[in-house]
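Here are the chains, one letter per residue:
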Amino acid sequence: MPVNEYLLENFPGLRLMPPLFYNWQIGIRFEIGVGYNVNDAYLHSPYVDNAYKRAVTLFKSLHAEDDDIFVIADAVGFEGRRGYKSKLHIFSRYIREKAVLKKLQHIAVPYTCSDDYDDKTHRFFLRCKAGDIRYIPMLRAICNQDMGIKPSISQKIYFINIKKRTIFYLYDDRGCDILAAAAETIQDMYETYNSWILDYDRERINRLFEPLRGREFNTSIKG
């Protein structure tokens, strides 16, 4: 099933664009970087390493290595076949096998980024296994984009877990949105990483999950 058909079937009406958390009724917004200071923007600072740790932990909690997923990259500011090829590095650096890259597809969708001055966004998507992705360096590169640390990824990257019907969107070192077609699917993440939830949105998130609580949960995870 093509990714646009999948989204229509499982997330009807969702606008796959920032701010993703506010575009769907079921989701959690996690804080990734904690206590940022301008002096923390260097490789392996405690702030940066902790942001990496949180991003990777949440990704692993949501995706098993053999889960079928869509990886989506929204890119702007280029046209034509030459431009298409110029964006393959978004994937080639982080996909383990070149054969998997042959499945890479492209569609044009209405613009999805505030800095998109074209009429459309170029959406690249790849169906693969979660284990096909070198997701640790990829997530780190996404975190790096707002701090001037290299390597970095500036494109909007979405990971869709096909069977679980979830969407993982790490927007940068500040935060990560996790959406689901059913709240029960991500209830464990709400409970296990409750202390990581962004306080600004906590009330809304609590209202979603409080009716599902059948037991006390652990809020002791720190870091």
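Look up: the structure comes first, before these words.
Residues numbered from 1 in each chain as written. Predicted model: local features only at pLDDT ≥ 70, side-chain atom pairs only at ≥ 80, totals over all residues. Heavy atoms only, no water.

Structural notes on the pattern of salt bridges
Thinking step 1. Scanning the model with the defined rule gives seven salt bridges in all.
Thinking step 2. Between Asp177 and Arg29 there is a salt bridge whose closest N-O contact spans 2.7 Å. On the criterion of sequence distance, the pair formed by Asp177 in strand E7 (residues 175-180) and Arg29 in strand E1 (residues 27-31) is long-range, its members being 148 residues apart. Each member of the pair, Asp177 together with Arg29, is buried. (Salt bridge = Lys/Arg side-chain N within 4 Å of Asp/Glu carboxyl O. Helix = DSSP H or I, 4+ residues; strand = E, 2+ residues; numbered from the N terminus. Buried < 20%, exposed > 50% of the residue type's maximum accessible area, 1.4 Å probe, protein only.)

Thoughts on the pairing of strand E2 (residues 68-75)
Regular strands place side chains that alternate from one sheet face to the opposite one.
Thinking step 1. Here E2 lies mainly inside the structure; seven of its eight residues are buried.
Thinking step 2. In the sheet, E2 pairs with strand E4 (residues 120-129) via eight bridges, with the strands oriented antiparallel. Bridging across to E4, Asp74 finds its partner in Arg123.
Thinking step 3. Looking at chain direction, E2 and strand E5 (residues 156-161) are connected through six bridges and run antiparallel. If you follow Val71 over to E5, its bridge partner there is Phe159. (Pairing = 2+ DSSP bridges.)

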